[in-house]
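Here are the chains, one letter per residue:
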Amino acid sequence: MISLESIRIFMRSAESGSFSAAGRSLRLSPSVISYRIQTLEEHLGCLLLTRTTRRMSLTEAGRLFYDRCLDITAAVEQAEKSVEQAGAAPRGALKVTAPIGLGRRVIAPLVPHYRARHGETDVRLRLSEHLLDLVQEAVDVAVRLSQMRDSTFTLRKVAEIERVLCAAPSYLDRNPAPAEPAGLLTHDCLLLRFPGSEQFRWTLVDGEETVTLPVSGHIDSDDGDTLTEWALAGEGIVLKPLFEVAAYLAEGRLVTVLEHTPPTTATLGLLYPSRKMLSARTKTFVDMAHEALRAHVGEGLARLGKRVA
C-alpha cells in the first residue's frame, strides 16, 4: 500500500522540479526525498521522474500517476476540511508570507493574537519583498501588494491602493520637480530592486493612457522601508503606496511629484490555494489578516482625510 506521505513527496518533487526544493518545503533532506521516490518507483515498477543535473520532469507514467494523485489528495483534504468546518478547532502548521513593511507592522503583531485564539496552530511567517513561488514554497497565505498574477490561487481583495511619487523638499530644492513624466529620466529615482523585480520601470497614468519609463538612480534597495528613509533624507524620488507615506505628506516632510500623472494603482490582497473547502486555519487567519490590513490602510489614509475604497 502506498502511503499518503509518499504521494505528497512525489507531488511536491514534480511541482518544484528538484529534490532540494521539495526537501526545503517539506523539511526533509534531499537524500530522504530521493529514497522515498526510488522506493515508490520500485513499488510501482516504473520510472516516474527523469533526472538531469539541472531539472527533473515527469515521465508519461509519472504524469498519469500525478493526475490520479491530485484526485487522491483533493479527496483527503476535503475530508479533513469537512471535519474542521463541522466544528473542530483550527490546527496544524500555517505558512504565511508578506512584504517586509506590511509584515512587520501588521502581520507579525497579528500572529500572537491569532495563536491566542487558536493555540493548536503553528505559524511560519516569512517576510520578503521578493514574490515567492507560492506552490514551490508551499505557502498557505500570501499578503501581496502588486498586480496580481497567481491565477491558480484565490484572491481576497483588501483594497485597491492609490500610489504616489514623492520626494523631500530638500531634494526638490536641489532638483526642481519634473513637469512631465519623461522628466523622471533625469532624476535620482529610489528603486525597489531584487532578482525578478520590475520596480525599475514606473508606469504612470496620463489621461486615458499609460506611459512606462525605465527610471534609474544612484542607490536602490530590496527593502521598501529603506527607500522611504532615503526619500526623507533627500536622496531622490520614490514611488510608494499613499497610505504608507500619508503621514509624511501631511507633515510636509515629503511632497507629491507629478500629481496629475500618478502611478497606476496596485491591489492589496490575500492569496491562498484555490480549493473547494478551505482549511479552518487558513480561513480564520485570512479573516483576521483582512480586517487588520484594511484597518491599517484606513489609518494611514485618514492622515490625509481619505478613506479606504
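Just above, that's the structure.
Keep in mind that this is a model prediction, so the values were computed, not measured.

## With respect to the overall build of the chain
And step 1. From N to C terminus, the chain includes nine helices and 14 strands.
And step 2. Scored against the burial criterion, the 309 residues of the chain give a buried share of 43%.
And step 3. Nonlocal contacts in the chain, meaning residues at least 24 apart in sequence, comprise 75% of its contacts between residues at least 6 apart.
And step 4. Here the chain holds 37 positive side-chain charges and 38 negative ones, and the gap between their average locations is 6 Å.

## A closer look at the environment of His 187
And step 1. Of note, His 187 is situated in the loop between helix 6 (169-174) and strand 8 (189-192).
And step 2. Expressed as a C-alpha distance, the spacing of His 187 and Val 215, which sit 28 residues apart in the sequence, is 8.1 Å.
And step 3. For His 187, the residues in contact, after removing those within four places along its chain, are Tyr 171, Asn 175, Pro 176, Ala 177, Pro 178, Ser 216 and Ile 237.
And step 4. A distance of 3.1 Å separates a polar atom in the side chain of His 187 from the backbone oxygen of Pro 176.

## Things to note about the sheet that holds strand 3 (residues 92-98)
And step 1. Pairing within the open sheet is mixed, and its five strands lie in the order 4-3-5-14-6. Looking at which strands have only one partner, the edges of the open sheet turn out to be strand 4 (121-127) and strand 6 (153-161). Each strand axis lies, on average, 20 degrees off the axis of its neighbour in the sheet, ignoring direction.
And step 2. When strand 5 (residues 141-146) meets strand 14 (residues 266-273), the two strands line up antiparallel, connected through five bridges. Bridge pairing links Arg 144 to Gly 269 in strand 14.

## So, helix 3 (residues 30-44)
And step 1. The end-to-end C-alpha distance of helix 3 is 21 Å, a good match for the 21 Å that 15 residues give at a rise of 1.5 Å each.
And step 2. Taken residue by residue, helix 3 has Ile 33, Ile 37, Leu 40 and Glu 41 as its buried positions. When helix 3 is viewed along its axis, its buried side chains cluster within an angular range of 100 degrees and face the same direction. With respect to the buried face of helix 3, the exposed residues turned more than 90 degrees away are Ser 31, Tyr 35, Glu 42 and His 43.
And step 3. A positive backbone phi angle near 75 degrees is found at Gly 45, which sits one or two residues after helix 3.

## As for the nonpolar core
And step 1. Judged by nonpolar contacts, the single largest core of 41 residues is most densely connected at Ile 107, Val 143, Leu 254, Leu 268, Leu 270, Phe 285 and Leu 293.
And step 2. Considering each element in turn, this core owes the most residues, seven residues, to helix 9 (residues 280-302).
And step 3. Among all residues touching Val 143, those that are not within four sequence positions of it are Thr 97, Ala 98, Pro 99, Leu 102, Ile 107, Leu 268, Gly 269, Leu 270 and Leu 293.

## What about the pattern of salt bridges?
And step 1. Summed over all chains, the structure comprises eleven salt bridges.
And step 2. With a shortest N-O distance of 4.0 Å, Arg 63 and Asp 67 are connected by a salt bridge. With Arg 63 and Asp 67 both in helix 4 (residues 60-85) and four residues apart, the pair spans about one turn of that helix.
And step 3. According to the relative accessible area criterion, Asp 67 is partly exposed, its value standing at 29%.
And step 4. For Glu 244, the salt bridge goes to Lys 240, with nearest N and O atoms at 3.1 Å.
And step 5. Exposure remark for Glu 244: the relative accessible area of 23% places this residue in the partly exposed category.
And step 6. Where salt bridges share partners, they join Arg 156, Lys 283 and Asp 287 into one cluster.

## Some remarks on the environment of Gly 207
And step 1. You can see Gly 207 is positioned in the loop between strand 9 (202-206) and strand 10 (209-213).
And step 2. Using a relative accessible area of 60% as the deciding quantity, one classes Gly 207 as exposed.
And step 3. The spatial distance from the C-alpha of Gly 207 to the C-alpha of Leu 232 is 29 Å, given a sequence separation of 25 residues.

Parameters at a glance
Residues numbered from 1 in each chain as written. Predicted model: local features only at pLDDT ≥ 70, side-chain atom pairs only at ≥ 80, totals over all residues. Heavy atoms only, no water. Helix = DSSP H or I, 4+ residues; strand = E, 2+ residues; numbered from the N terminus. Buried < 20%, exposed > 50% of the residue type's maximum accessible area, 1.4 Å probe, protein only. Contact = heavy atoms within 4.5 Å. Lys, Arg positive; Asp, Glu negative; His and termini not counted. Charge placed at Lys NZ, Arg CZ, Asp CG, Glu CD. Polar contact = N/O pair within 3.5 Å; in protein donor to acceptor, adjacent residues only side chain to side chain. Pairing = 2+ DSSP bridges. Axes fitted to C-alpha atoms, helices over the stretch in contact; angles between N-to-C directions. Expected span 1.5 Å × (residues − 1). Arc of directions from axis to C-beta. Core = buried A, V, L, I, M, F, W, Y, C linked by side-chain atoms within 4.5 Å. Salt bridge = Lys/Arg side-chain N within 4 Å of Asp/Glu carboxyl O.

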